[in-house]
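Analysis of the macromolecular model
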Amino acid sequence: MIVLYTIGCPQCLVLEKKLDMKNIKYDKVTDESVMVEKGFMSAPVLEVDGIEMNFKEANEWLKNN
């Protein structure tokens, strides 16, 4: 399961576009209270099978998938 936590910032949009270009199916969460509950201090965060990645880590994951 893949979830993109996004606030619509430029980095968020980059990840969203890359996921779409690779036809990777994902859920999008835009509710900031959910992000705060999960302890996220910034966005975007990409969660893949329970593993949370920041922007840089998510880009690396996308390169390899």
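See above for the structure.
A short tour of the structure in this document, coming up. Given the structure is predicted, the values throughout are model-derived calculations rather than measurements.

This paragraph deals with the nonpolar core. Core analysis: the largest hydrophobic core is formed by twelve residues, namely Ile2, Leu4, Leu15, Leu19, Ile24, Tyr26, Leu46, Val48, Met53, Ala58, Trp61 and Leu62. Residues in contact with Ile24, not counting those within four places in the same chain, are Ile2, Leu19, Trp61 and Leu62. Counting residues in each nonpolar core, the second largest holds nine residues, with Tyr5, Cys9, Val29 and Ala43 among its members.

A two-sided burial pattern is seen for strand S1 (residues 2–5), the buried positions comprising Ile2 and Leu4 on one face and Val3 and Tyr5 on the other. Taken together, the three bridges between S1 and strand S2 (residues 27–29) define a ladder with parallel strand orientation. When the sheet's bridge partners are listed, Val3 is paired in S2 with Asp27. The handedness of the S1 to S2 crossover, carried by helix H1 (residues 10–21), is right-handed.

Residue alternation in strand S3 (residues 45–48) divides its side chains into two sets, Val45 and Glu47 and Leu46 and Val48, and both sets are buried. Sheet topology note: the S1/S3 ladder contains four bridges and is antiparallel. Looking at S3, one finds that Ile2 is bridged to Val48. Here S3 runs beside strand S4 (residues 51–53); their pairing, made up of three bridges, is antiparallel. Bridge pairing in S4 places Leu46 opposite Met53. In this structure, the hairpin formed by S3 and S4 is closed by a connection of two residues, where Asp49 is found at a positive phi of approximately 50°.

Conventions used here
Sequence order as written defines residue numbering, which begins from 1 separately in each chain. Owing to the predicted nature of the model, reporting of local features is limited to residues with pLDDT of at least 70; listing and counting of side-chain atom pairs is limited to 80 or more, with chain, interface and lining totals taken over all residues. Hydrogens and waters are ignored; side-chain quantities use all the structure's heavy atoms. Residues grouped as a nonpolar core are buried Ala, Val, Leu, Ile, Met, Phe, Trp, Tyr and Cys residues, joined through side-chain atoms within 4.5 Å. In this scheme, a residue with accessible area under 20% of its type's maximum is buried, one over 50% is exposed, and one in between is partly exposed, where area comes from a 1.4 Å probe on protein chains only. In this description, contact between two residues means that some pair of their heavy atoms is separated by no more than 4.5 Å. Here a helix means four or more residues in a row that DSSP labels H or I, a strand means two or more in a row labelled E, and each is numbered from the N terminus. When DSSP finds at least two bridges between two strands, those strands are taken to pair. Whether a crossover is right-handed comes down to one check: with the strands pointing away from the viewer, does the path from the first strand over the helix to the second run clockwise; if it does, it is right-handed.

Everything listed here is a matter of coordinates, which is why it stays silent on function.
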